[in-house]
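Below are the chains, spelled out letter by letter.
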Amino acid sequence: MPMPVSNTGVAQRTSSGQMPSTSPTPPAAPPPTIHTADVSNVLAHQRAVITTLTRLFTETSEIMGGTHAVPAKKREIDDNSKKLGALFVKLNSGDISKNASEKVVQLCQALDRGDFTTALRIQVDLTTSDWDECSFWLANTETND
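Residues numbered from 1 in each chain as written. Predicted model: local features only at pLDDT ≥ 70, side-chain atom pairs only at ≥ 80, totals over all residues. Heavy atoms only, no water.

**Looking at helix α3 (residues 98-113)**
For α3, which comprises 16 residues, the first-to-last C-alpha distance of 23 Å matches the rise-based estimate of 22 Å (1.5 Å per residue) to within 8%. Residues of α3 that are buried: A100, S101, K103, V104, V105, L107, C108, A110 and L111. In this fold, the buried residues of α3 make contact with α1 (47-63), α4 (116-129) and α5 (131-138). Just downstream of α3 lies G114, where phi reads positive at about 75°. (Helix = DSSP H or I, 4+ residues; strand = E, 2+ residues; numbered from the N terminus. Expected span 1.5 Å × (residues − 1). Buried < 20%, exposed > 50% of the residue type's maximum accessible area, 1.4 Å probe, protein only. Contact = heavy atoms within 4.5 Å.)

Okay, here's the thing in structure tokens:
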């Protein structure tokens, strides 16, 4: 009776007869953060969004402990940075609908005025009308009365 042959340790050829590539896949680039996202192409009327959200992120991060935050808060700060970085990338590339971008501008204007009632109304409107587009980053703009 013939013995089964094992191919363990022997390189296998692909169906085209070539040896498979052994070069490792380069690691994916880390996701953009609020500090690393390219904002060079953000439209002029949307630049205030970058300014406002960066300011609010910095203020809340400092309140949470900043670089000295406990690990759970540090993870929350990092997560918020990545989510806002994703929004910044969308603004930079124009990969956000006109409706959603206008609401984000209005939201930031309300936050800058300290008009948290209007900001909350705009946030609720974004969650109901643009949730699919905004869900990844929108929770980070929660307002408190």
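From this point, the discussion proceeds with the structure in view.
**Points about the packing of α1 against helix α2 (residues 71-93)**
At a minimum axis separation of 11 Å, α1 and α2 run at an interaxial angle of 180°. Regarding the angle of α1 to α2, the classification is roughly antiparallel. Between α1 and α2, the contacting residues are V49, I50, L53, T54, F57 and S61 on the first element and I77, N80, S81, L84, L87, F88 and L91 on the second. (Axes fitted to C-alpha atoms, helices over the stretch in contact; angles between N-to-C directions. Parallel < 35°, antiparallel > 145°, perpendicular 65-115°, else oblique.)

**A short note on the packing of aromatic side chains**
Between two aromatic rings, the relevant description is the distance of the centres plus the angle of the planes. Scanning all chains against the criterion turns up zero aromatic pairs. It is K83 that lies over the ring of F136; its NZ or CZ is 5.8 Å from the centre. (Phe/Tyr/Trp six-rings, centres within 6.5 Å; stacked < 30°, edge-to-face > 60°. Lys NZ or Arg CZ within 6 Å of the ring centre and 35° of its normal.)

**Remarks on the pattern of salt bridges**
Close approach of charged atoms allows side chains of opposite charge to pair. In this structure the tally under the stated criterion is 10 salt bridges. Across the pair K103 and D125 runs a salt bridge whose closest N-O atoms are separated by 3.1 Å. Residue K103 is found in helix α3, and its partner D125 is found in helix α4; the two are separated by 22 residues along the sequence. Taking relative accessible area as the criterion, K103 reaches 9% and is therefore assigned buried. The network of salt bridges with shared partners includes R55, E59 and D112. (Salt bridge = Lys/Arg side-chain N within 4 Å of Asp/Glu carboxyl O.)

**Let's talk about the packing of α1 against α3**
Running from N to C, α1 and α3 cross one another at 50°; their axes reach a closest spacing of 9 Å. Classed by the angle they form, the pair α1 and α3 counts as oblique. The element α1 and its partner α3 pack so that their crossing is left-handed. Two secondary-structure elements touch here, α1 through V49, T52, L53, R55 and L56 and α3 through V104, V105, C108, L111 and D112. By residue class, the composition of the contact of α1 with α3 is seven nonpolar, one polar and two charged. (Left-handed = near helix turned anticlockwise from the far one by under 90°. Nonpolar A, V, L, I, M, F, W, Y, C, P; charged D, E, K, R; others polar.)

**Digging into the nonpolar core**
With 27 residues, the main nonpolar core has V49, L53, L87, F88, L91 and L126 as its most contacted residues. For this core, the secondary structure elements donating two or more residues are α1, α2, α3, α4 and α5. Of the residues forming this core, the biggest block, seven residues, is contributed by α3. Not counting residues up to four positions away in its chain, the partners in contact with V49 are L91, V104, V105 and C108. (Core = buried A, V, L, I, M, F, W, Y, C linked by side-chain atoms within 4.5 Å.)

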